[in-house]
Amino acid sequence: MSTQTLPDAGSITMYSTTWCGYCRRLKTQLDSAGIGYTEVNIEEHPDAAAFVEQVNGGNQTVPTVVFPDGSAATNPSLADVKARLES
């Protein structure tokens, strides 16, 4: 994660787009669960789009979530996010 900054403990960074339904759903679930996140719109940040492509085999697949340990997941469920944050 060269130019990317890691999220604080207990929170995530979510790479998304304005039109992504899966992104909206995950944001709603995170809000309900009280999990903090920083959202980065890959359409507005070319370096973020390049990072998303890097971790998704060349595809701009969103939501891509980055955890405090530097690991990433593509379109994770809320349960996945909770489990990764607790480990």
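All of these numbers come straight from a predicted model, not from anything done at the bench.

Rules and cut-offs
- Residues numbered from 1 in each chain as written.
- Predicted model: local features only at pLDDT ≥ 70, side-chain atom pairs only at ≥ 80, totals over all residues.
- Heavy atoms only, no water.
- Salt bridge = Lys/Arg side-chain N within 4 Å of Asp/Glu carboxyl O.
- Helix = DSSP H or I, 4+ residues; strand = E, 2+ residues; numbered from the N terminus.
- Buried < 20%, exposed > 50% of the residue type's maximum accessible area, 1.4 Å probe, protein only.
- Right-handed = clockwise from strand over helix to strand, strands pointing away.
- Pairing = 2+ DSSP bridges.
- Contact = heavy atoms within 4.5 Å.

J.: Tell me about the pattern of salt bridges, and please be specific about residues and values.
T.: In a structure, side chains of opposite charge can pair up when their charged atoms sit close to one another. A complete count under the given rule lists one salt bridge for this structure. When the shortest N-O distance is used, the salt bridge between K27 and E39 registers 3.0 Å. With K27 in helix α1 (residues 21-33) and E39 in strand β2 (residues 36-41), this pair connects stretches of sequence that are 12 residues apart. Here E39 falls in the partly exposed class, since its relative accessible area comes to 36%.

J.: A description of the pairing of strand β1 (residues 11-16) should follow, citing residues and the corresponding values.
T.: The buried fraction of β1 is high, at six of six residues. Across the two faces of β1 the burial is the same, with S11, T13 and Y15 and I12, M14 and S16 all buried. Since β1 and β2 lie parallel, the crossover through α1 that links them has a hand, and here it is right-handed. Relative to strand β3 (residues 64-66), β1 is paired through three bridges, and the arrangement is antiparallel. In the strand pairing of β3, M14 is matched with V65.

J.: Report on the environment of L78, specifying residues and quantitative values.
T.: With respect to the element layout, L78 can be found in helix α3 (residues 78-86). Expressed as a C-alpha distance, the spacing of L78 and A33, which sit 45 residues apart in the sequence, is 8.5 Å. Sequence-distant contacts of L78, that is, excluding residues within four places in its chain, are made with L26, Q29, L30, A33 and I35.

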